Amino acid sequence: MIILDIKNNAVKRKYFVNYINIFYILRRYSMYFPGIEAFLAIVRTGSISKAAELLHLSQATVSYRLKTLEQGMGGLLVERRKGAAKISLTPKGENFFSIAERWEALWRETQILKANGSQLSLAISAAESISHFVLPPVYRMLNQHTPSIRLQIRTQHTQEAFDSIERREMDVAFVVREIVSPSVTVQPFFTEEMVLLRLAAPGRLAGDTVEMEELAAEHEVLVNWNREFQFRHDQWWDPLCPSRVHLDSAGLITTFLTNDRQWTIVPASIGVHMMGMGEFVLQKLAVSVPPRVGYKVTHKFPNQALQEPLQILDHYLRDTFGVQ
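Now for a quick tour of the structure.

### Topic: the pairing of strand β12 (residues 280-285)
(1) Moving on: A large share of β12 lies buried, amounting to five of its six residues.
(2) Moving on: In the sheet, strand β8 (residues 209-210) pairs with β12 via two bridges, with the strands oriented parallel. Each bridged residue has a counterpart across the sheet, and for valine 210 the counterpart in β12 is leucine 285.

And the structure:
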């Protein structure tokens, strides 16, 4: 069991509260830590024998720890099938896996806290398109800040990010749409225009305005950026005649944008990034496209330990994107 000295130390108090939340879950189900460690190793390696090698234990010990954990859970977590190349999880095991990962993450956090004392820390959740194309300047400033800030950055979809903030697993999230929640605060932190991205071709000039009739739906590489975009998109192009390529990741755009008939609509930050990856041009659309809005999400009642790192973050956000 880990014992933390949290007296007059807000940073330690933050981690102690998070640790106790998970510890309560584990105690409630009569679980014990060696069994969780064995369970995670089995899942990640695919077999008890490989898990034993990873943990430098005998197979008998790993099997015993797993069996003890399952007794505490009241059912099997891992299917045992003779001759099977890899193990498989039971439904109970699949549900427990995320809890076990959370315990492991908090275990590491407490060990780092013991080693580093009161170092500032910030756990950031962000949508992929924001994390990769919008926030890198802010990440660099945070990474170079003095005194140093320990950063944890996780890519999550909007709903996952809100859930992480509500559970206090992450300290701040950057998302592309709002979700109503009584326990979080949502603030816009930047807006950007949507632009047309196409391969460069003779007579195709950057900055030119393009009429919607010039863009055939079957040649679109479609990314559904948000609800407002989808609503307007279906007004401009027949939703019954969709494009052949639908993506949920901006990182794949260059894979599919391979001939001069294809086109896609992207936020300006992504368009500028793509310009550096190939022979593309950015153009304007003749109709008004709703801009993309990025939102910063924090818990409505943040821990005291977060005040300083969040203030530092807000300072760099203002420097990068202007007044919030």
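### Some points on the packing of aromatic side chains
Think of a pair of aromatic rings as described by two things: how far the centres are apart, and how the planes are tilted against each other in angle.
(1) Moving on: Taken as a whole and judged by the stated rule, the model has nine aromatic pairs.
(2) Moving on: Note on phenylalanine 174 and phenylalanine 189: the rings are 4.9 Å apart at their centroids and 70° apart in plane angle, and the pair reads as edge-to-face. Within this pair, whereas phenylalanine 174 is found in strand β5 (residues 172-175), its partner phenylalanine 189 is found in strand β6 (residues 184-192), the two being separated by 15 residues in sequence.
(3) Moving on: The class of phenylalanine 174 is buried, set by a relative accessible area of 1%.
(4) Moving on: Looking at phenylalanine 189, the relative accessible area reads 4%, which means it is buried.
(5) Moving on: With a centroid separation of 5.6 Å and an interplanar angle of 45°, the aromatic rings of phenylalanine 190 and phenylalanine 321 are classed as tilted. Separated by 131 residues along the polypeptide, phenylalanine 190 in strand β6 and phenylalanine 321 in helix α12 (residues 307-321) bring together distant segments of the chain.

### Some thoughts on the pattern of salt bridges
(1) Moving on: Taken as a whole and assessed by the stated rule, the structure comprises eight salt bridges.
(2) Moving on: Glutamate 101 is paired through a salt bridge with arginine 44; the nearest N and O atoms lie 3.8 Å apart. Separated by 57 residues along the polypeptide, glutamate 101 in helix α5 (residues 91-116) and arginine 44 in helix α2 (residues 33-45) bring together distant segments of the chain.
(3) Moving on: Among the residues examined, arginine 44 registers a relative accessible area of 44% and is labelled partly exposed.

Conventions used here
Residues numbered from 1 in each chain as written. Predicted model: local features only at pLDDT ≥ 70, side-chain atom pairs only at ≥ 80, totals over all residues. Heavy atoms only, no water. Buried < 20%, exposed > 50% of the residue type's maximum accessible area, 1.4 Å probe, protein only. Helix = DSSP H or I, 4+ residues; strand = E, 2+ residues; numbered from the N terminus. Pairing = 2+ DSSP bridges. Phe/Tyr/Trp six-rings, centres within 6.5 Å; stacked < 30°, edge-to-face > 60°. Salt bridge = Lys/Arg side-chain N within 4 Å of Asp/Glu carboxyl O.

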